[in-house]
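Examination of the molecular architecture
Next come the chains, spelled out residue by residue.
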Amino acid sequence: MTTAGVVAKAKIEALAEVRKAEIEAETRRLEITEDTRREQMRLQAGQPSPEPAEGGLEATWSNCT
């Protein structure tokens, strides 16, 4: 393979890695958006949020009393 071919291949691979990272970031953003939408719908329906993880708000509240 020529030097130009090696350089071209490296550029394509780099662009592919960048695009892969962009897709992963967008996927995570959409997951967060979907979680937020579900939480808003739950709150509008008057349903409480899921219980916090162990040691969450209860632990914080007990430290205040």
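This report concerns the structure included in the present document. A quick note: this is a predicted structure, and the numbers were derived from the prediction, not measured.

Time to look at the overall build of the protein chain. The secondary structure content of the protein chain amounts to two helices and zero strands. Every one of the 65 residues in the protein chain was classed for burial, and the buried ones make up 0%.

Glancing now at the pattern of salt bridges. Taken as a whole and judged by the stated rule, the model has seven salt bridges. Among the salt bridges present, the one from R29 reaches E26, with a minimum N-O distance of 2.7 Å. Residue R29 and its partner E26 are located together in helix 1 (residues 3-44), separated by three residues, close to a single helical turn. Here E26 falls in the partly exposed class, since its relative accessible area comes to 35%.

Here helix 1 spans 61 Å end to end across 42 residues, near enough to the 62 Å set by a 1.5 Å rise per residue. Positioned one or two residues after helix 1, G46 has a phi angle of 80°, which is positive.

Calculation rules
The numbers attached to residues start from 1 for each chain and follow its sequence in the written order. In view of the model being predicted, local features appear only for residues whose pLDDT reaches at least 70, and side-chain atom pairs are presented and counted only at 80 or more, with totals across whole chains, interfaces and linings using the full set of residues. Side-chain figures throughout are based on the complete set of non-hydrogen atoms in the structure, without hydrogens or water. Put simply, DSSP marks the helices as runs of H or I at least four residues long and the strands as runs of E at least two long, and each gets a number from the N terminus on. The classification of residues rests on relative accessible area computed with a 1.4 Å probe and restricted to protein chains. Under 20% of the type maximum is buried, over 50% is exposed, and intermediate values are partly exposed. By definition here, a salt bridge exists when the distance from a side-chain nitrogen of Lys or Arg to a carboxyl oxygen of Asp or Glu is within 4 Å. Take the number of residues in a helix, subtract one, and multiply by 1.5 Å to get its expected span.

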